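# Coordinates in review
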Amino acid sequence: MSEEALLQNVYDSLTGLNEAKTIEATKECIDSGVEPEKVMKRLADAMIKIGDEFNARKLFLPHVVIAAGIMDKANKLVLEVLDVAEGAGAGKIVIGTIEGDIHELGKSIVAAMLKTAGFEVIDLGKDVQVKKYLEAAVAEDADIIACSSLMSSTMPYLKDVVDLRNDMGHQDRFKVMVGGGPVNQTYANQVGADAYAEDAMEAVKVAQKLVSA
Amino acid sequence: MIDAWDVYLRSTEGKPVSESEFDLQILPMRLMELAKEYDITYDPEVVIPSDRGLFKSVFEAAITLLVDVGFLNTSTGRIIAFDEYELRKDLRLLPGEYRVGEGNDAYCVKRRDLEDKSLPTIVSGPTGAPLTEEYFIPIMQSYAMEPSVKEMHTATLLTINDHEIKSRTTAEMMAARREITLTREATRRAGRPGLGITGTMSGTTSEAQCFGYGPDALRSGCDRLLVSMLNELKVDWDVLKKALFAQQNNLGIANCMGPVLGGYMGGPETTLIGHTAECIASFSLLGGPSINHTLPNDAATGHKIFSENIFAMAGTIATLAEHTKAVSTPYCSPASGMATENFIYEIAAQAGMFAACGSGSVLGANGSNGAEIDAYSGMNARILDESLKAFLGKSLEETNEIVIELIKHYGGDDVMNYTQQPPKRFHEVYNLKTLKPSNEFVDLWENAKANMEATTSLDFFE
């Protein structure tokens with residue numbers, strides 16, 4: 001089978017959300033000597049396609065989350081060959097919905113989209129205490145802390161995350177990005193966040209910008 | 001409804017399931033199977049469905065979903081299982097109405113049928129949107145001054161004593177109480193002190209929201225506590241505690257649900273089934289006779305005004321009207337901001353759906369998806385009321401044709417290119433001394449009515 005055919009198998013298997021076939025196709029590429037970077041690129045292309053279809057409402061959140069999980073596993077296989085640490089790609093992000101807030105769906109969409117863009121994402125879930133963001137960011141040596149708030153009464157905790165980071169002297173180590181229904185750029189500026197993103201697609205662009213800054 | 005102790009036992013003894021398995025496997029897989037089994041499909045040309053066979057299929061699919069999947073209590077990680085007989089029995093025993101308010105302002109809100117000739121009741125206010133302390137009373141008063149408004153729905157206080165309101169603190173408890181007392185004061189100033197009130201919005205925890213109940217705040221036998229379930233067939237102890245509090249204090253319960261389209265419940269067909277199931281379950285789990293429900297939020301954009309969202313909501317309301325005695329109480333939620341052209345067209349499109357599909361009452365309208373500060377007014381209720389009236393007497397088929405035209409006008413048929421128009425603020429479009437809308441705002445509405453009359457079969461001036 002040609003190299004292109006092998007890579008196309010990877011692409012088709014992942015866009016078809018077939019975990020077993022994606023893993024098998026990835027292994028076939030590796031065993032056939034296809035350059036690992038090319039395999040990762042094709043996996044990323046497949047995730048971009050899935051992201052586009054999510055935006056066009058042809059696929060829905062379960063599909064994106066399942067695809068991101070499959071890509072994680074396939075990427076690990078490729079990274080073993082490359083012999084590099086996981087997350088050496090786009091960057092590492094600790095993400096969660098802020099303390100007191102149980103609205104998780106938007107955060108989960110952002111997490112899935114960040115994964116599709118190659119970020120390593122540590123999802124802390126919902127109702128995350130302020131100190132837990134910092135503990136996780138330190139433990140994981142993250143690049144970015146991403147916090148979501150969907151209610152005006154949980155928004156003040158976003159400032160607490162920024163303040164705690166600064167009090168710990170980590171303002172140069174971790175960037176803080178914020179988002180969620182009632183949050184906007186003005187509020188992000190007020191609380192001292194490094195960035196604000198209006199939706200999942202913008203969150204990816206903002207995270208890429210923060211990491212490359 | 002299911003006895004509260006029984007709900008407790010099911011929550012603590014039910015089958016354990018992880019939330020991710022529920023979200024990613026159990027719920028979406030069963031929804032897709034049921035859509036196929038019952039042949040429930042979405043046709044972009046049918047935004048307001050009229051096929052009674054579809055409503056029957058959606059109802060049966062929703063009951064089947066609840067029996068097969070149940071509800072997840074995320075606090076215990078266990079499934080609250082339902083029996084088909086008890087679900088159908090709870091629906092059969094619904095009263096078909098609820099009473100709010102007292103004295104001269106007491107009102108009975110009743111369910112409606114498909115294509116019902118009676119006007120849905122307007123329950124109004126910014127419906128949870130954020131208001132500053134400065135404008136809270138004037139904005140609420142402007143809603144209470146609209147004669148069409150028969151019940152008030154509170155807003156979220158942005159600050160209290162000029163301080164941010166932080167969840168899980170005593171500040172949010174005080175804010176929840178303040179929100180109700182300020183709304184009461186607004187109704188007094190409007191000369192309607194007995195108007196019923198639905199709240200609370202300014203607190204996040206159950207203890208804060210329940211603290212809206214008390215002297216001069218939410219009152220037993222008059223007002224209602226909003227009890228919102230979690231997305232995608234879930235509850236937690238916080239939700240169940242609020243329901244129990246209201247049940248035991250003879251405080252009205254407004255079951256509440258805000259579904260998501262494009263999330264774990266998938267596309268329009270499966271969201272239709274899932275949302276109908278949530279509504280049905282709310283009567284058994286929470287006990288209120290009505291369901292306050294938002295149009296499904298679009299997972300990617302957060303807007304609710306697209307064709308698919310309206311289809312999923314229209315199908316749910318129609319199914320409830322055709323097969324239950326529930327009072328369907330949908331939120332009218334334009335994405336565009338107050339006092340813009342699209343804002344009016346978005347309200348009108350939703351009003352058509354509510355009028356023809358059998359909503360008993362309608363909430364709002366707000367604007368900007370309820371996210372902007374102080375961008376709401378009583379004029380929103382007037383636009384909603386007159387739009388509902390213009391649709392009365394239209395069949396589902398006629399309504400579908402008109403609503404499709406309205407959706408095209410504001411761009412709701414194109415998810416990728418829809419543009420949300422920014423709002424005007426209350427102080428920009430209202431006289432702050434008389435609390436009357438500006439001529440500019442009234443003219444905008446009059447012109448929009450004339451345009452809609454010229455381009456559709458709607459009649460606003462009859």
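Residues numbered from 1 in each chain as written. Chains lettered and ligands numbered in written order. Predicted model: local features only at pLDDT ≥ 70, side-chain atom pairs only at ≥ 80, totals over all residues. Heavy atoms only, no water.

## Quick look at the overall build of chain B
- Helix and strand content of chain B: 15 helices and 21 strands.
- For 462 residues, the compact-globule estimate of 2.2 N^0.38 gives 23 Å, and the C-alpha radius of gyration of chain B, at 21 Å, lies within 12% of that figure.
- Expressed along its principal axes, the backbone C-alpha trace of chain B runs to roughly 60 × 50 × 40 Å.
- The 462 residues of chain B split such that 64% are buried.
- Within chain B, residue pairs in contact and separated by at least 24 positions form 78% of the contacts whose partners lie at least 6 positions apart.
- For chain B, the exposed area adds up to about 15700 Å²; of that, 49% sits on carbon and sulfur atoms.
- Within chain B, one finds 40 positive and 63 negative side-chain charges whose respective centroids are separated by 6 Å. (Helix = DSSP H or I, 4+ residues; strand = E, 2+ residues; numbered from the N terminus. Rg over C-alpha atoms; globule rule 2.2 N^0.38 Å. Buried < 20%, exposed > 50% of the residue type's maximum accessible area, 1.4 Å probe, protein only. Contact = heavy atoms within 4.5 Å. Areas by Shrake-Rupley, 256 points an atom, 1.4 Å probe, with all protein chains shown as cover. Lys, Arg positive; Asp, Glu negative; His and termini not counted. Charge placed at Lys NZ, Arg CZ, Asp CG, Glu CD.)

## Focus on the environment of B:Ile80
Residues and elements named next belong to chain B.
- Along the chain, the position of Ile-80 falls in strand β2 (residues 78-80).
- Overall, Ile-80 belongs to the buried group, its relative accessible area being 0%.
- C-alpha of Ile-80 to C-alpha of Tyr-345: the two residues are 265 residues apart in sequence and 41 Å apart in space.
- Residue contacts for Ile-80: discarding those within four places in its chain leaves Val-7, Arg-10, Ser-11, Gly-70, Phe-71, Asn-73, Val-235 and Leu-285.

## Focus on the interface of chain B and chain A
- Counting residues at the interface gives 38 residues for chain B, matched by 28 residues for chain A.
- Taken together, both faces of the contact between chain B and chain A bury some 2400 Å²; the carbon and sulfur share is 58%.
- Counting across the interface, chain B meets chain A through five salt bridges.
- Across the salt bridge formed by A:Asp160 and B:Lys166, the nearest N and O atoms sit 2.6 Å from each other. (Buried area = accessible area lost by both parts, 1.4 Å probe. Salt bridge = Lys/Arg side-chain N within 4 Å of Asp/Glu carboxyl O.)

## A look at the nonpolar core
- With 138 residues, the main nonpolar core has B:Phe71 and B:Met353 as its most contacted residues.
- Considering every element that reaches this core, the biggest residue donor is helix α11 (residues 341-357) of chain B, with 12 residues.
- If sequence neighbours within four positions are ignored, B:Met353 has contacts with B:Ile48, B:Leu295, B:Ile310, B:Met313, B:Ala314, B:Ile317, B:Thr399 and B:Val403.
- Counting residues in hydrophobic clusters, the runner-up holds 51 residues, among them A:Ala25, A:Leu77, A:Ile93 and A:Val206. (Core = buried A, V, L, I, M, F, W, Y, C linked by side-chain atoms within 4.5 Å.)

## Describing the sheet that holds strand β5 (residues 195-196) of chain A
Residue and element names in this part refer to chain A.
- The sheet built from five strands is open, its strands ordered β2-β1-β3-β4-β5 with parallel pairing. Looking along the sheet, the strands with just one partner apiece sit at the ends: β2 (120-123) and β5.
- In the sheet, strand β3 (residues 144-148) pairs with strand β4 (residues 175-179) via five bridges, with the strands oriented parallel. Its bridge partner being in β4, Cys-147 is matched across the sheet by Val-178.
- Where helix α5 (residues 105-116) meets the sheet, its contacts fall on β1 (92-97), β2 and β3, and the angle it forms with β1 comes to roughly 170°.
- Contacts from helix α9 (residues 200-212) reach β1, β3, β4 and β5 within the one sheet, and its direction differs from that of β4 by about 165°. (Pairing = 2+ DSSP bridges. Axes fitted to C-alpha atoms, helices over the stretch in contact; angles between N-to-C directions.)

## Re α5(A)
Residues and elements named next belong to chain A.
- Over its 12 residues, α5 runs 17 Å from end to end, which matches the ideal 16 Å to within 8%, given 1.5 Å per residue.
- With 10 of 12 residues buried, α5 lies mostly within the body of the structure.
- Of the residues making up α5, those classed as buried are Leu-105, Lys-107, Ser-108, Ile-109, Val-110, Ala-111, Ala-112, Met-113, Leu-114 and Thr-116.
- One or two residues past the end of α5 sits Gly-118, with phi positive at roughly 95°. (Expected span 1.5 Å × (residues − 1).)

## Some words on the environment of B:Leu272
- As for its placement among the helices and strands, B:Leu272 is situated in helix α9 (residues 268-285).
- Between the C-alpha atoms of B:Leu272 and B:Ala62, which are 210 residues apart in sequence, the distance is 8.8 Å.

## Side note on the domain arrangement of chain A
All names here are of chain A.
- Annotation of chain A at the domain level lists domain 1 (3-82) and domain 2 (92-212).
- Each of domain 1 and domain 2 has a C-alpha centre, and the two are 27 Å apart.
- Every contact between the two is made by 11 residues of domain 1 and, on the other side, seven residues of domain 2.
- Carbon and sulfur atoms supply 81% of the area buried between domain 1 and domain 2, which totals about 780 Å² over both sides.
- Applying the counting criterion to the domain 1 and domain 2 interface returns zero salt bridges.
- Every element with two or more residues in the side of domain 1 that touches domain 2 is listed here: α3 (36-55) and α4 (61-82).
- The greatest single-element share of the side of domain 1 that touches domain 2, amounting to six residues, is contributed by α4.
- Across the side of domain 1 that touches domain 2, the residue classes tally to eight nonpolar, two polar and one charged. (Domains from an automatic or database assignment. Nonpolar A, V, L, I, M, F, W, Y, C, P; charged D, E, K, R; others polar.)

## Focus on the state of the cysteines
- This model, assessed by the stated rule, comprises zero disulfides over all chains.
- In this structure B:Cys222 is a free cysteine whose sulfur lies 14 Å from that of B:Cys108, the closest cysteine sulfur available. (Disulfide = S-S within 2.5 Å.)

## Some thoughts on the packing of helix α3 (residues 52-69) of chain B against helix α10 (residues 307-323) of chain B
Residues and elements named next belong to chain B.
- Two elements in contact, α3 and α10, have axes whose closest approach is 9 Å; the angle formed by their N-to-C orientations is 85°. Of the possible angle classes, the one that applies to α3 and α10 is roughly perpendicular. Judged by residue contacts, Arg-52, Phe-55, Lys-56, Val-58 and Phe-59 of α3 engage Gly-315, Ala-318, Thr-319, Glu-322 and His-323 from α10.
- Split by residue class, the contact of α3 with α10 holds four nonpolar, three polar and three charged. (Parallel < 35°, antiparallel > 145°, perpendicular 65-115°, else oblique.)

## Looking at a negative patch on the surface
- A surface patch of negative charge is lined by B:Glu397, B:Glu398, B:Glu401 and B:Glu405.
- With respect to the element layout, B:Glu405 can be found in helix α13 (residues 396-410). (Patch = residues over 30% accessible without salt bridge, like charges linked within 9 Å, V, L, I, M, F, W, Y side chains within 5 Å.)

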